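Descriptive analysis of the structure
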Amino acid sequence: MTEPSPPPEELHTRLEQWIRPELRSLAPYHVADASGCIKLDAMENPYPWPGTLTTAWLERLSSVELNRYPDPQGSAVKQALRRHFAIAEHHALLLGNGSDELILLLALLFGGTSHCLLAPEPGFVMYSLIARQAGMAYCGVALTEQFELDRTAMLAAIAERQPAVIFIAQPNNPTGNLFDPATLRAVIEAAPGVVVIDEAYCAFTDTQHLPLLDEFPHLLVMRTLSKIGLAGLRLGLLIGAPALIERLDSLRLPYNINSLTQASACFALEHASLLTEQSQQLRRERSRLFAALQSLPGITPYASEANFILLRVPAGEAPRLQRLLKARHRILIKCLDGGHPLLRDCLRITVGTPAENDALLDALTQLLCEPPSNA
Ligand SMILES: *Cc1c(COP(=O)(O)O)cnc(C)c1O
């Protein structure tokens, strides 16, 4: 004598009420379809591996036992990462399925609705998104017009909100700059909880913050392999004091780094000189692209220490340029206009290969020369 099941509409409504209220309006993270496009929207390394290296990599993968669970500690890959990033023995390491997973672990450990995650804005969107998903309060503090940390506003927000976690990306995404070191230090000193310096773009700058770990036990440095040519592997790492890393490790799902990622990362890091050379090449291209953008009419690029360049275009033009670059030229870039008041009329371009950058510059030149009414 089973009851007839309710119509789908009714069931949907019934289940909806059980969803955490603050999550009801969330939509899946959208990524543009990129097939056949020049992809300058996601800060990926554009260079593939030479064929001989791919062959050797596939051979290495053939010895991975897919019927077995991965090494839960990722010991071999941790060793390789320690060597590659010159991480001191007395600092501990936590691996994540991308840095995104590490942000989630931090939000879960330090979360709770009364605890706040604080970050300067405009910044990496995942900080606020993950804080919300984890049920943690979020506080964004506006940068200055020059995209510098607003010392007064930051210190006031820290004093008032008492954030459990502060995230600071260095270089910052999407602005590409490094903050004044003295202000950064003042923020770290004022923080009542944990501070994470997110060095996703450390391959593209000479400034790094690992030495600060010895001064500040409440500091963590986060890095990733995503921006140096291994975005598909999903491997991020958090570096810091063993006691703190151990707390986070207690929340980690047992086998979060799969066997293929572990084996591939080890292999790639054995050939790290290739990745380093590619990053150097991108830094040279960044200079060339910056100078070329500067010479375009009405375009103001902002100096960048990352593998992308933020630029301001003539008023009201950003969405049109982004749309037409895709529709006519099959070039994907990011339109940031509308995302934050400081990013009005702004676009973000990932540095690509010389040919990709030339295609972008040609297309942009064409679009800037035509009257906007043709859009
Ligand atoms: C791209 C990026 C990351 C990397 O995230 P993964 O999950 O490791 O790919 C982290 N932080 C910032 C600021 C980024 O721009």
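Parameters and conventions
- Residues numbered from 1 in each chain as written.
- Predicted model: local features only at pLDDT ≥ 70, side-chain atom pairs only at ≥ 80, totals over all residues.
- Heavy atoms only, no water.
- Pairing = 2+ DSSP bridges.
- Helix = DSSP H or I, 4+ residues; strand = E, 2+ residues; numbered from the N terminus.
- Axes fitted to C-alpha atoms, helices over the stretch in contact; angles between N-to-C directions.
- Near = heavy atom within 4 Å.
- Polar contact = N/O pair within 3.5 Å; in protein donor to acceptor, adjacent residues only side chain to side chain.
- Areas by Shrake-Rupley, 256 points an atom, 1.4 Å probe, with all protein chains shown as cover.
- Nonpolar A, V, L, I, M, F, W, Y, C, P; charged D, E, K, R; others polar.
- Parallel < 35°, antiparallel > 145°, perpendicular 65-115°, else oblique.
- Left-handed = near helix turned anticlockwise from the far one by under 90°.
- Contact = heavy atoms within 4.5 Å.
- Buried < 20%, exposed > 50% of the residue type's maximum accessible area, 1.4 Å probe, protein only.
- Salt bridge = Lys/Arg side-chain N within 4 Å of Asp/Glu carboxyl O.
- Patch = residues over 30% accessible without salt bridge, like charges linked within 9 Å, V, L, I, M, F, W, Y side chains within 5 Å.

Taken together, 7 strands build an open sheet; the order of strands is β2-β8-β7-β6-β5-β3-β4 and the sheet is mixed. Among the strands making up the open sheet, the edge pair consists of β2 (92-96) and β4 (137-142). Between one strand and the next, the sheet's axes are offset by a mean angle of 25 degrees, whatever the strand orientation.

The subject of this paragraph is the site of the ligand. Looking at the ligand, there are 14 residues lining it, with Ser99, Asp198, Tyr201, Ser226 and Lys227 nearest. Interatomic distance of 3.1 Å between a backbone N/O atom of Asp100 and an oxygen atom of the ligand. Contact distances for the ligand include 3.2 Å between an oxygen atom and a side-chain N or O atom of Lys227. When the ligand sits alone it has 390 Å² of accessible area, and the protein chains cover 93% of it. Looking at the shell around the ligand residue by residue, the classes come out as 5 nonpolar, 5 polar and 4 charged.

Across the interface, helix α3 (residues 75-85) lies against helix α9 (residues 259-270) with an axial gap of 9 Å and an inter-helix angle of 30 degrees. In terms of orientation, α3 lies roughly parallel with respect to α9. Crossing hand, α3 versus α9: left-handed. Across from Ala76, Val77, Ala80, Leu81 and His84 in α3, the residues of α9 making contact are Gln262, Ala265, Cys266 and Leu269.

Let us now look at helix α7 (residues 181-190). Of the positions making up α7, those classed as buried are Thr183, Leu184, Ala186, Val187 and Ile188. The secondary structure elements touched by the buried residues of α7 are α6 (151-161), β5 (165-169), β6 (194-198) and β7 (219-224).

According to the stated counting rule, one finds 15 salt bridges in the structure shown. Of the charged contacts, one joins Lys39 and Asp41 as a salt bridge, the two residues approaching to 3.1 Å between their closest N and O atoms. Taking relative accessible area as the criterion, Asp41 reaches 14% and is therefore assigned buried. For the salt bridge of Arg234 with Asp100, the shortest nitrogen-to-oxygen distance reads 3.5 Å. On the criterion of sequence distance, the pair formed by Arg234 in the loop between β7 and β8 (236-240) and Asp100 in helix α4 (residues 99-109) is long-range, its members being 134 residues apart. Looking at Arg234, the relative accessible area reads 30%, which means it is partly exposed.

Moving on to the pairing of strand β10 (residues 308-312). Extensive coverage of β10 is indicated by the burial of 4 of its 5 residues. Both strand β9 (residues 300-301) and β10 contribute to a ladder of 2 bridges, which runs antiparallel. Of the residues in β10, the one forming a bridge with Pro301 is Leu311. The hairpin turn running from β9 into β10, its antiparallel successor, is 6 residues long. Across 5 bridges, β10 lies against strand β13 (residues 346-350) in antiparallel orientation. Of the residues in β13, the one forming a bridge with Arg312 is Cys346.

Once that is clear, we can look at a nonpolar patch on the surface. There is a patch of nonpolar side chains on the surface, built from Leu11, Leu15 and Trp18 and spanning about 360 Å² of accessible area. With respect to the helices and strands, the residue Leu11 is situated in helix α1 (residues 8-16). With relative accessibility at 33%, the residue Leu11 sits in the partly exposed group.

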